[in-house]
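Remarks on the overall topology
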Amino acid sequence: MLEPLRQGLPPIDPSAVSGSATCTLPARLEAVGGARRFTRTTLNGWGLAERFDDVALVVSELVTNALRHAVPADGAAGESPDPAVRLHLMRWSSRLVCAVRDPSQESPVASQAPDCAESGRGLFLVESFSDSWGWHPLPGTDEFGAVKASRGKVVWALFRV
């Protein structure tokens, strides 16, 4: 999980990771509230409560996008041994990364929403409230450990703290 993130971020000393937390989310839009509660609890524990508003907004957008666009509507993700969506929070001394893993191989696409639209601005908000963001596919492996087709992706956002 961390290696591809480091490839897309400024150089980070892996030994400087001071905290990480993961939350598995059900494939329901109601899970967004749970992701925010998890984020609040984690940031409070790390002494970063003052960053909650910006981080929670980004977490909400990333989780909502994963649930709306990446989880199969027919519930097929629920039959997989891997959870549909996972939220990872990782803290270094001067950085915080929020990463959302989902089963889709499709790249996230920022769209131009009309002024009157009630949705469609998620990635614009992620870009506006975080210091940087990106994504990468997750390689899958077969029963022998050989790399095969992608098994989803991770969309991440970086905050300087």
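Residues numbered from 1 in each chain as written. Predicted model: local features only at pLDDT ≥ 70, side-chain atom pairs only at ≥ 80, totals over all residues. Heavy atoms only, no water.

Remarks on the pattern of salt bridges
Opposite charge on two side chains lets them pair, provided their charged atoms get close. Tallying each qualifying case throughout the model produces two salt bridges. Between Glu30 and Arg28 there is a salt bridge, with its nearest N and O atoms 3.8 Å apart. Note on Glu30: relative accessible area 58%, which makes it exposed. Arg28 gets classed as partly exposed once you look at its relative accessible area, which sits at 49%. Put simply, Lys153 and Asp102 hold a salt bridge, and the shortest N to O gap is 3.0 Å. Placement of the pair is Lys153 in strand E5 (residues 147-160) and Asp102 in strand E3 (residues 95-102), with a sequence separation of 51 residues. (Salt bridge = Lys/Arg side-chain N within 4 Å of Asp/Glu carboxyl O. Buried < 20%, exposed > 50% of the residue type's maximum accessible area, 1.4 Å probe, protein only. Helix = DSSP H or I, 4+ residues; strand = E, 2+ residues; numbered from the N terminus.)

As for helix H2 (residues 31-45)
Here H2 is 15 residues long and its end C-alpha atoms lie 21 Å apart, about the 21 Å a rise of 1.5 Å per residue gives. Looking only at H2, the buried set comprises Ala31, Val32, Gly33, Ala35, Phe38, Thr39, Thr42 and Leu43. Tucked inside the fold, the buried residues of H2 contact strand E1 (19-25), helix H3 (52-70), strand E2 (85-91) and E3. Following H2 by one or two positions, Gly47 has its phi on the positive side, about 75°. (Expected span 1.5 Å × (residues − 1). Contact = heavy atoms within 4.5 Å.)

Digging into the confidence of the model for the chain
Of all residues in the chain, 68% attain a pLDDT of 70 or more, and the chain-wide mean is 80. The lowest-confidence element of the chain is helix H1 (residues 2-8), averaging 53 in pLDDT; the highest-confidence one is H2, averaging 97. (pLDDT = per-residue confidence, 0-100.)

Overview of the nonpolar core
With 31 residues, the main nonpolar core has Leu25, Val59, Val63, Val85 and Leu87 as its most contacted residues. Looking at this core, the elements that each hand over two or more residues are E1, H2, H3, E2, E3 and E5. In contact with Leu25, not counting residues within four places along its chain, are Ala31, Ala35, Val63, Val85 and Leu87. Met90, Trp92, Val97 and Leu138 belong to the second-largest nonpolar core, a separate cluster that totals eight residues. (Core = buried A, V, L, I, M, F, W, Y, C linked by side-chain atoms within 4.5 Å.)

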